[in-house]
Amino acid sequence: MTPPSNSETPESNSNLNPVLPENPEQNSPNSPSAVSNLDAISQDINSSVIDGVESVSESLQSDIEGEEIGNSAESIAVDNINLISSDSITELEEEKENQLSSEPQISPPQFYLPVPTTTTDEADEIPDEVEMGFFDHLEELRQRIFYSLIAVFIGIIGCFAFVNPIVQLLQRPASGIKFVQLAPGEYFFVSLKVAGYSGLVVATPFILYQITMFVLPGLTRKERRLLVPTLLGSSVLFLLGLGFAYIALIPAALNFFVSYGADVVEQFFSIEKYFEFVLVLLFCTGIAFQIPVIQAILGGLKIVSSQQMLSGWRYVILGGAVLGAVLTPSTDPLTQSLLAGAILGLYFGGIGIVKMIENTSKPSPNK
């Protein structure tokens, strides 16, 4: 086999070798024309980007300025409206004032009423009035009660030291009657009871003083004028009641009971029962003698008049009989009748006192 020959035609070699351009510098990347084209393209791109950014920023700035202008315009418009409204209101007010000043004004009629020189009566005033709270009153009441109890305790101790003379004094209405002690220590307890009642009587003035000092700040001048006569009258009537019971009621009751069974039983009294009977009768009579004091208070305060008290005399007679039966510890009719008669006499005497108070309180015709 024969090797190929190297002698080939130019036409055959033309197919194998590429055709080069006549000016190779035109298509090379490093040629000056290509570089200038690239620079032009980049400059165009940069300029377009910059233009777009500037246009966007200008549009944003114009929007912001438009909003600010709009807000400022709104505020200016609101201020103008407020100024116009205030000006219009002031103008309207001035017009009204001018119209009112131009119209003739008619003054309303003036009425003058006489003013009293004193609005309250001096008798109804509370002199040295001091305001106190509820708990302050309770504290003062507690102190007054405490002082009264101390006075009663001291009176009981003092009377217990002289209890034997007091017992002998109370035994005198039962003359001729023997007293017996039916249980151990009976006379000792009787002595304590007698000392207790006697100490209460002795401490009564101090108790009345404490009551007076408690109610005095709340009393008017008119009520204070009645206070001293009321206290004195109450004390005197209580002592009169004790004397009336000691002189009249106790002997009458004892004589009735002794004479009733004198032919059947021998008279021996238990000392405890006797003193219980005597002490209760004494104190009940002293309380019953306070009826005129109550009437004087009601009449002085003009709560009940003497005519009203006198108009109910029928009910008073019935009430006196009931009180005589209730307050008397004995069941004999003589003692009850004596006490009922004393109550009725005190009641009608109280009506006379109320009538005197009414006559003194009436103004004279010259005034």
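This is a predicted model, so every value here is computed, not measured.

(A) Examining the overall build of the protein chain more closely. Within the protein chain, the secondary structure is distributed over 12 helices and 2 strands. Listing every helix and strand of the protein chain by position from the N terminus yields α-α-α-α-β-α-α-α-β-α-α-α-α-α. Looking at the 367 residues of the protein chain, the share that counts as buried comes to 24%. When contacts within the protein chain are restricted to residue pairs at least 6 apart in sequence, those whose partners lie at least 24 apart make up 82%. Of the roughly 26600 Å² that the protein chain leaves accessible, carbon and sulfur atoms contribute 64%.

(B) Up close: a nonpolar patch on the surface. On the surface, a cluster of nonpolar side chains totalling about 810 Å² of accessible area is made up of F146, Y147, I150, F153, I154, I157, F206 and Y209. Elements with a minimum of two residues in the nonpolar patch: α3 (134-161) and α6 (204-215). With 6 residues, α3 is the largest single contributor of residues to the nonpolar patch. Tracing the backbone shows I157 in helix α3.

(C) Structural view of the UniProt feature "transmembrane region" (unreviewed entry) in the protein chain. Mapped onto this numbering, the UniProt entry annotates "transmembrane region" (unreviewed entry) at residues 145-167, 187-209, 230-257, 277-301, 313-331 and 337-357. This span, residues 145-167, is 96% helix and 0% strand, and a straight line between its end C-alpha atoms measures 29 Å. Regarding residues 337-357, the helix share stands at 100% and the strand share at 0%, and the terminal C-alpha atoms are separated by 30 Å.

(D) Molecular detail of helix α5 (residues 186-202). With 17 residues, α5 extends 24 Å from end C-alpha to end C-alpha; this agrees with the ideal 24 Å at 1.5 Å per step. Buried residues in α5 make contact with α3, α4 (163-171), β1 (178-180), β2 (268-270) and α8 (271-288).

(E) Structural detail: the pattern of salt bridges. Under the criterion given, the structure shown has 2 salt bridges. Salt-bridge contacts for E139 lead to R142; the nearest nitrogen and oxygen are separated by 2.6 Å. Linking E139 with R142, this pair stays in helix α3, spanning 3 residues, or about one helical turn. Take E139: its relative accessible area is 35%, and that puts it in the partly exposed class. Take R142: its relative accessible area is 48%, and that puts it in the partly exposed class. Of the charged contacts, one joins E140 and R144 as a salt bridge, the two residues approaching to 3.6 Å between their closest N and O atoms.

(F) Focus on the packing of aromatic side chains. Across all of its chains, the model carries 14 aromatic pairs by this definition. For the pair F160 and F188, a centre-to-centre distance of 6.5 Å together with 85 degrees between the ring planes defines the contact as edge-to-face. Placement of the pair is F160 in helix α3 and F188 in helix α5, with a sequence separation of 28 residues. The partly exposed category is assigned to F188, whose relative accessible area is 44%. Relative to F348, the ring of Y347 has its centre 5.8 Å away and its plane inclined at 80 degrees; by these criteria the two rings are edge-to-face. The exposure class of Y347 is buried, given its relative accessible area of 15%. In this structure F348 comes out as partly exposed when scored by relative accessible area, which is 36%. Linked through ring pairs, F179, F269, Y274 and F275 together constitute an aromatic cluster.

(G) The side chain of S191, seen in detail. Looking at the element boundaries, S191 is found in helix α5. S191 sits in the buried class, given a relative accessible area of 4%. Those residues in contact with S191 that lie beyond four places of it in its chain are F160 and V163.

(H) Geometry of the nonpolar core. Ranked by internal contacts, the top residues of the largest apolar core, which has 34 residues, are L170, V194, L254, Y274, F275, V278 and L282. Secondary structure elements with two or more residues in this core: α4, α5, α7 (221-260), α8 and α12 (333-361). Ranked by residues supplied to this core, first place goes to α8 with 10 residues. Ignoring any residue separated from it by four or fewer positions in sequence, one finds V194 in contact with V163, I166, V167, L170, F275 and L279. Core analysis: the second largest hydrophobic core is formed by 5 residues, L237, F289, A342 and L346 among them.

What counts, and at which threshold
Residues numbered from 1 in each chain as written. Predicted model: local features only at pLDDT ≥ 70, side-chain atom pairs only at ≥ 80, totals over all residues. Heavy atoms only, no water. Helix = DSSP H or I, 4+ residues; strand = E, 2+ residues; numbered from the N terminus. Buried < 20%, exposed > 50% of the residue type's maximum accessible area, 1.4 Å probe, protein only. Contact = heavy atoms within 4.5 Å. Areas by Shrake-Rupley, 256 points an atom, 1.4 Å probe, with all protein chains shown as cover. Patch = residues over 30% accessible without salt bridge, like charges linked within 9 Å, V, L, I, M, F, W, Y side chains within 5 Å. Salt bridge = Lys/Arg side-chain N within 4 Å of Asp/Glu carboxyl O. UniProt positions renumbered as here; feature names shortened; annotations may be inferred. Expected span 1.5 Å × (residues − 1). Phe/Tyr/Trp six-rings, centres within 6.5 Å; stacked < 30°, edge-to-face > 60°. Core = buried A, V, L, I, M, F, W, Y, C linked by side-chain atoms within 4.5 Å.

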